[in-house]
Amino acid sequence: LKTLDEKVVDFKYKLKNGIITNKKPITFEQMANIWVEKHTVGLGETTLMRYKSVIKNQLSPLFSKKLNKISTGIIQELLNSLLKQGYTSNIKISKVVLFEIFKKAVAYGYITSNPVREVEMPKYEKGKGRALTREEIQAIKATTELPLKEKVYLYIGLYAGLRQGEILALSLNDINLVDNYIS
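In what follows, the accompanying structure is described.

Criteria and thresholds
- Residues numbered from 1 in each chain as written.
- Predicted model: local features only at pLDDT ≥ 70, side-chain atom pairs only at ≥ 80, totals over all residues.
- Heavy atoms only, no water.
- Axes fitted to C-alpha atoms, helices over the stretch in contact; angles between N-to-C directions.
- Helix = DSSP H or I, 4+ residues; strand = E, 2+ residues; numbered from the N terminus.
- Parallel < 35°, antiparallel > 145°, perpendicular 65-115°, else oblique.
- Left-handed = near helix turned anticlockwise from the far one by under 90°.
- Contact = heavy atoms within 4.5 Å.
- Nonpolar A, V, L, I, M, F, W, Y, C, P; charged D, E, K, R; others polar.
- Phe/Tyr/Trp six-rings, centres within 6.5 Å; stacked < 30°, edge-to-face > 60°.
- Buried < 20%, exposed > 50% of the residue type's maximum accessible area, 1.4 Å probe, protein only.

## Side note on the packing of helix α4 (residues 72–84) against helix α5 (residues 88–107)
So, point 1. Packing of α4 against α5 brings their axes to within 9 Å, and their N-to-C directions diverge by 160 degrees. Here α5 runs roughly antiparallel to α4, going by the angle between their axes. Our pair here, α4 against α5, has a crossing hand that is right-handed. Of the residues in α5, those touching α4 at Ile75, Leu78, Leu79, Leu82 and Leu83 are Thr88, Ile91, Ser94, Lys95, Leu98 and Phe102.
So, point 2. Split by residue class, the contact of α4 with α5 holds eight nonpolar, two polar and one charged.

Structure representation (structure tokens):
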């Protein structure tokens, strides 16, 4: 059995070396809000909207959990669950957002290590693409909530038949507004 003095020395050692923290535990939701508020400054509007959407829609199962109780296994289960629910395109971004939130939690002293560091990306086969239905196209056209920049992006995809990477690679030199074509 350890004496009280040995326990105090052991505690001070662990605290000094980051094995434990003396910060009051906070929830994942609180840390996510801190991260969005303080560490997303300078991001593009669409990137920030996507990050917030991922936090709200995919990472919400972690909201009530204390940061120091979230393990690599819990995060791995969450990402695996997202895959099973069909969120294949958001798994990578979810992991990136999780990693950044936990990285800041370590920097602020709420936890001692980043549990996302050892998480493996779930393996999945990319499905074959499909054309949008007329109803889906009409729903996209009817959307009024999107900023102009995003609408332009969607319309280029719809009417020029370009994929995401092709649209993002476009420059002003590729667009001829006089003769109405994209080269």
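There is more to say after this.
## Things to note about the packing of helix α2 (residues 28–39) against helix α3 (residues 45–57)
So, point 1. Axis separation between α2 and α3 bottoms out at 12 Å; the angle between their running directions is 175 degrees. The angle between α2 and α3 falls in the class roughly antiparallel. Touching Ala32, Trp35 and Val36 of α2 are Leu48, Tyr51, Lys52 and Ile55, all from α3.
So, point 2. Taken together, the residues of the contact of α2 with α3 break down into six nonpolar, no polar and one charged.

## Notes on the packing of aromatic side chains
Given two aromatic rings, one states the distance between the centres and the angle between the planes to describe the pair.
So, point 1. What the rule picks out here adds up to five aromatic pairs.
So, point 2. Considering the side-chain rings of tyrosine 108 and tyrosine 110, the 6.5 Å spacing of their centres and the 85 degrees angle between planes classify their relative orientation as edge-to-face.
So, point 3. A relative accessible area of 27% means that tyrosine 108 is categorised as partly exposed.
So, point 4. Grouping aromatic residues by their ring pairs yields a cluster made of Phe28, Phe63 and Phe102.

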